[in-house]
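Remarks on the overall topology
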Amino acid sequence: MLGGEYHVRMAADGSEGLEKAVKYIPDLIISDVMMPRIDGVEYCRRLKQGVETCHIPVILLTACALDEQWVDGLQSGADAYVTKPFSPKELVLRVASVLKRCEHTPGSVIAEYGPFTFDKNALKFYIDNEEVDLTATEFKLMIHMVEREGQTLNRNDLLSCVWGYSHQAQSRTLDTHMKRLRQKLAPY
């Protein structure tokens, strides 16, 4: 993105999308769930497993509004989910929100909270100096909660601060991410 403009590269299917993601390392990826060769959920999963691409935020688009598909998409590492039909303005706002949520500045910004260490620029998380693999959204959720230790955080505030959702949003996104964090941080 330069000066408020988005520069777009397109891919015909998931395989081509993976190749272009590694080649160009985009700031954000928008992927349809129903793609030839590799579907969007598997595409996202492979991106999040790649060393070069794991930090890239992903927005999944789908015509299906089933909870199971949302959960699959979020478990694959997607940062946001947009259901068709949607307005172009809604998509542009969601892109801006995800980019803002994932932006970081040059230089090392390290935050330590007990056994937890956050490298805010590299979006890396460590427990007792052992790296724990978190998605960008999990990282943001985790640091948001740790920075407010001792405070009661309600669901709507977390959805608003971490995902940019309006208050009273009805979404299972938080539940899915909390479940994954609990699995990754089991003893803590």
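Further up the page is the structure itself.
Residues numbered from 1 in each chain as written. Predicted model: local features only at pLDDT ≥ 70, side-chain atom pairs only at ≥ 80, totals over all residues. Heavy atoms only, no water.

1. Things to note about the overall build of the protein chain
- Secondary structure summary: the protein chain contains seven helices and seven strands in total.
- Moving toward the C terminus, one meets the helices and strands of the protein chain in the order α-β-α-β-α-β-α-β-β-β-β-α-α-α.
- Within the protein chain, the proportion of its 188 residues that are buried is 43%.
- Counting only carbon and sulfur atoms, one obtains 52% of the accessible surface of the protein chain, whose full area is about 10800 Å². (Helix = DSSP H or I, 4+ residues; strand = E, 2+ residues; numbered from the N terminus. Buried < 20%, exposed > 50% of the residue type's maximum accessible area, 1.4 Å probe, protein only. Areas by Shrake-Rupley, 256 points an atom, 1.4 Å probe, with all protein chains shown as cover.)

2. Details of the nonpolar core
- The biggest cluster of nonpolar side chains holds 32 residues, and the ones touching the most others in it are Ile-59, Phe-116, Phe-118, Phe-125, Leu-141, Met-142 and Leu-174.
- Secondary structure elements with two or more residues in this core: β2 (58-62), β3 (80-83), α4 (88-102), β5 (116-119), β6 (124-127), α5 (136-146), α6 (155-163) and α7 (173-184).
- Here this core gets six residues from one element, more than from any other, and that element is α5.
- Counting 15 residues, the second-largest nonpolar core is a separate cluster that includes Met-35, Tyr-43, Leu-47 and Val-58. (Core = buried A, V, L, I, M, F, W, Y, C linked by side-chain atoms within 4.5 Å.)

3. Comments concerning α4
- Here α4 spans 21 Å end to end across 15 residues, near enough to the 21 Å set by a 1.5 Å rise per residue.
- Every buried residue of α4 is listed here: Leu-91, Arg-94, Val-95, Val-98, Leu-99, Arg-101 and Cys-102. With its buried residues spanning 160° around the axis, α4 presents them on a single face. Summarising the geometry of α4, the exposed residues directed more than 90 degrees from the buried face are Lys-89, Leu-93 and Lys-100. (Expected span 1.5 Å × (residues − 1). Arc of directions from axis to C-beta.)

4. Section: unusual backbone geometry
- A cis amide bond links Lys-84 with the next residue in sequence, Pro-85, at an omega value of -5°.
- Structurally, the position occupied by Pro-85 is in the loop between β3 and α4.
- Phi is positive for Asp-128, which is not a glycine, with a value near 50°.
- Its place among the elements puts Asp-128 in the loop between β6 and β7 (130-132).
- In this model, Asn-129 sits at a positive phi of 65°, which is unusual for a non-glycine residue.

5. With respect to the packing of aromatic side chains
- Overall, the coordinates contain four aromatic pairs when judged by the stated rule.
- When the ring of Phe-116 is compared with that of Phe-125, the centres are 5.4 Å apart and the planes differ by 50°; the resulting orientation is tilted. Both residues of the pair, Phe-116 and Phe-125, count as buried.
- Relative to Phe-139, the ring of Phe-118 has its centre 5.5 Å away and its plane inclined at 80°; by these criteria the two rings are edge-to-face. A residue pair is termed long-range when its members are at least 10 positions apart, and Phe-118 in strand β5 and Phe-139 in helix α5 qualify at 21 residues. (Phe/Tyr/Trp six-rings, centres within 6.5 Å; stacked < 30°, edge-to-face > 60°.)

6. Let's talk about a nonpolar patch on the surface
- Judged by side-chain polarity, Tyr-6, Val-8, Met-10 and Val-92 come together as a nonpolar surface patch covering roughly 430 Å² of accessible area.
- Tracing the chain through its elements places Val-92 in helix α4. (Patch = residues over 30% accessible without salt bridge, like charges linked within 9 Å, V, L, I, M, F, W, Y side chains within 5 Å. Salt bridge = Lys/Arg side-chain N within 4 Å of Asp/Glu carboxyl O.)

All we've got here are geometric facts, nothing functional implied.
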